[in-house]
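# Descriptive analysis of the structure
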Amino acid sequence: METNHSSPDDTNEENRTALTRRATLAGLATVGAAGLTTGIGAARGSDTREYTARIENTASLDEYPTAPNMPKSTGGAVWITPGAYAVYNGKNPVFTRRQAASSGLEAIAEAGRPGGTPENDSLVTELKNTESVVHAGAWTPADTVADPNDPLGSVPGAPPIAPGGAFEFDIEATRGQKLTFATMFVPSNDVFFAPGMGGIKLSNIRDTVSVTDEIALWDAGTEPNESPSSGSPNQAPRQGLEFGNPDKGPDENGVVRQLRPVDTVEDGYSYPDPSDVINVIITPQ
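Now for a description of the structure that goes with this document. Since we're looking at a predicted model, the values are computed, not measured.

Thresholds applied
Residues numbered from 1 in each chain as written. Predicted model: local features only at pLDDT ≥ 70, side-chain atom pairs only at ≥ 80, totals over all residues. Heavy atoms only, no water. Phe/Tyr/Trp six-rings, centres within 6.5 Å; stacked < 30°, edge-to-face > 60°. Helix = DSSP H or I, 4+ residues; strand = E, 2+ residues; numbered from the N terminus. Buried < 20%, exposed > 50% of the residue type's maximum accessible area, 1.4 Å probe, protein only.

This brings us to the packing of aromatic side chains. Using the criterion set out here, one finds 8 aromatic pairs in the structure. Taking the centre distance of 5.0 Å and the plane angle of 5° together, the rings of Trp139 and Phe169 count as stacked. With a gap of 30 residues between them, Trp139 in strand β3 (residues 133-139) and Phe169 in strand β5 (residues 166-173) connect regions that are remote in the sequence. Residue classification places Trp139 among the buried residues on the basis of a relative accessible area of 0%. In textbook terms, an aromatic cluster arises when at least three aromatic residues are bridged by ring pairs, as seen for Tyr85, Trp139, Phe167, Phe169 and Phe181.

Here it is, written out as structure tokens:
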């Protein structure tokens, strides 16, 4: 049997190699732990968070007290309809300022119908087919949590909601994602509420907060405006309730422009500021 005789130099070299390996493994473990911690932190930072959006009608009961054909012309009040919403990244997918409204937005602005009309597409479907949109949906009569326009006092009530009414719906979003929506201003030909081009940045919201100062009143440019106090048969709600035609009225072939709080339309008609009609509240869950 051959005996292996190692020199002191060989032994020292082996010890140094072992120590180096242990130090290297310890270093890799430290780096790995740090990397894992960073990964967990990043994942937690991007976890999905739930929010409840509440849309309240805070308008007075006599915004248009001279409106004829009451109550089909809202009894002089402003109503807010069901709407479409989207959680998204990047650019607001509902509309672009000073560009033509989509077919789905026309259905909202003229008839308050997120699911579309006989002549116009569904805004919800359009949003779901938009690449930047993470999730899209609609709030509907089933999402009504208060409705003084409902004579039976039942909830959910029938759309749209009168002053004192409210819709609520839940959404989910991760860091950096935003919320946008569109809902019709009634009575009008094609006027709607929506956030501006920047949308509502959900990750900035830590507690229950009103984001109404980010909401504007817009003219879709799809149908010529008429005075909201006129009771025109081309306006909601009369066009649907009385004439059964949500698409009634001539085409304007215009573009989306802001009516309030900054008036770029100047049609000579009276419109309240959004903060006098709608209150949008976001509550993180």
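Of note, the bond from Val186 into Pro187 is cis; its omega dihedral lies within 30 degrees of zero at 10°. The topology assignment puts Pro187 in the loop between β6 (178-186) and β7 (191-195). A cis amide bond, omega 5°, links Arg260 with the succeeding residue Pro261. With respect to the helices and strands, Pro261 occurs in the loop between β11 (257-260) and β12 (278-284). At Arg98, a position not held by glycine, the phi torsion is positive, near 60°. Structurally, Arg98 is set in the loop between β2 (79-88) and α2 (103-111). Phi is positive for Glu266, close to 55°, though the residue is something other than glycine. Mapped onto the elements of the fold, Glu266 is located in the loop between β11 and β12.

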